[in-house]
Amino acid sequence: MSRLSETFEIGGLTVAALSDGAPDRALGGFFHGVDAADWTQALGITDAEQPVPFNFGTFLIRGDGHTTLVDTGLGAAGAAMDVPGGGELLARLEEQGVAPGEVDTIVHTHLHGDHCGWNVSGEDGGHLTFPNATIHLSQAELDHWFQPGLGGTDRALAARRAIVPPQAEGHVETFDGEHAVTDALTMVPTPGHTPGHCSVLLTSQGQHLVILGDAGHHPVHLEHHDWIPGVDLDPAESTRSRGKIAALAADRDAIVTGGHFPILTLGKVRRVEGGYRWEGL
Ligand SMILES: [Zn+2]
């Protein structure tokens, strides 16, 4: 079974990878149109249907005067999934000694339901789980999920459920383009998975961490930028974004991780002839 939490340091920051659900899953859906023989070999498995460790992850960042969450997991819906750690984010936070009211900053890579689930809780979904947090996300992401044309799709409803109550309390702030939320944390646009998707760049004492969001669901996506997750709304743009974030990570010698990588998956991205190589740490 995958681990549900693990803590590591980036410069003067303490980063805790916290799961809100860690099932084993067959990953074929993340390699749209790729020959199964190619992607299974890259993952080190032989059977495309073989479940491998997967994660619905968030990251808690402390040490810069803030208590920050990168994404908020599946939420209460995670408990109904009957997977290890499903819907247990608040217990993972408690293990870190953090009460919900202490979280002052939330950043969203995007507004899919597995990344904003704990924004709200309670019977009617109207309770702010993190009542003292300001929620930061890109204006493009907000605009996408609130456009009238999306109407009642499950994904649009999940995004709106998570954002409308905190917005009504004045707790949501949006930004355009690359944006420094704190001295240590910058949102870097990596659109394609969704129109306003961002990855997170953390910097402290000359060390860097890139949290991909869903610009990569598995480390092999940093080597094969055109291996398209079926859920990406704009495959050409998400391919360009994987190239952009791989280049940024390589240039800065950044440690890289992702919320859907099993805990604790850290690596670096190296330039090699004709592309990039993932080097696990
Ligand atoms: Zn996701």
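Rules and cut-offs
Residues numbered from 1 in each chain as written. Predicted model: local features only at pLDDT ≥ 70, side-chain atom pairs only at ≥ 80, totals over all residues. Helix = DSSP H or I, 4+ residues; strand = E, 2+ residues; numbered from the N terminus. Rg over C-alpha atoms; globule rule 2.2 N^0.38 Å. Contact = placed C-beta atoms within 7 Å. Buried ≥ 20, exposed ≤ 12 C-beta atoms within 10 Å, placed from the backbone. Arc of directions from axis to C-beta. Pairing = 2+ DSSP bridges. Axes fitted to C-alpha atoms, helices over the stretch in contact; angles between N-to-C directions.

S.K.: With reference to specific residues and values, describe the overall build of the protein.
M.R.: In terms of regular secondary structure, the protein is built from six helices and 18 strands. Rg of the C-alpha trace for the protein: 18 Å, near the compact-globule value of 19 Å for 281 residues, within the 12% margin. Counting only C-alpha atoms and orienting by the principal axes, one finds that the protein spans roughly 50 × 45 × 35 Å. Sequence-distant contacts, at least 24 apart, represent 68% of the contacts inside the protein between residues at least 6 apart.

S.K.: Which residues make up helix H4 (residues 139-146), and what values go with them?
M.R.: Of the residues making up H4, those classed as buried are Glu141, His144 and Trp145. For H4, the angular spread of the buried residues around the axis is 85 degrees, confining them to a single face. Contact partners of the buried residues in H4: strand E10 (134-138) and helix H5 (154-168).

S.K.: Outline the environment of glycine 63, supporting the account with residue identities and numerical values.
M.R.: The topology assignment puts glycine 63 in the loop between strand E5 (57-62) and strand E6 (68-70). Between the alpha carbons of glycine 63 and glutamate 6 there is a distance of 16 Å; along the sequence they are 57 residues apart.

S.K.: Explain the pairing of strand E18 (residues 275-280) to me, and be specific about the residues and the numbers.
M.R.: In this sheet, E18 lies alongside strand E17 (residues 267-272) in antiparallel orientation, the contact comprising six bridges. Looking at the pairing, valine 272 lines up with glycine 275 of E18. Linking E17 back to E18 in an antiparallel pair, the connection comprises two residues, with glycine 274 at a positive phi of about 80 degrees.

S.K.: Please give an account of the sheet that holds strand E1 (residues 5-10) that cites residues and values.
M.R.: The strands that make up a sheet are held in pairs by hydrogen bonds between backbone atoms, and each pair lies either parallel or antiparallel. If you trace the seven strands from one edge of the open sheet to the other, you get E1-E2-E5-E6-E7-E10-E11, paired in mixed fashion. Edge positions in the sheet fall to E1 and strand E11 (172-175), since each has one partner strand and no second. Pairwise comparison of adjacent strand axes, ignoring direction, gives a mean angle of 20 degrees for this sheet. Here three bridges tie E5 to E6, and the two strands are oriented antiparallel to one another. Paired with isoleucine 61 across the two strands is threonine 68, which belongs to E6. The strands that H4 touches are E10 and E11; relative to E10, the one it contacts most, it runs at about 85 degrees.

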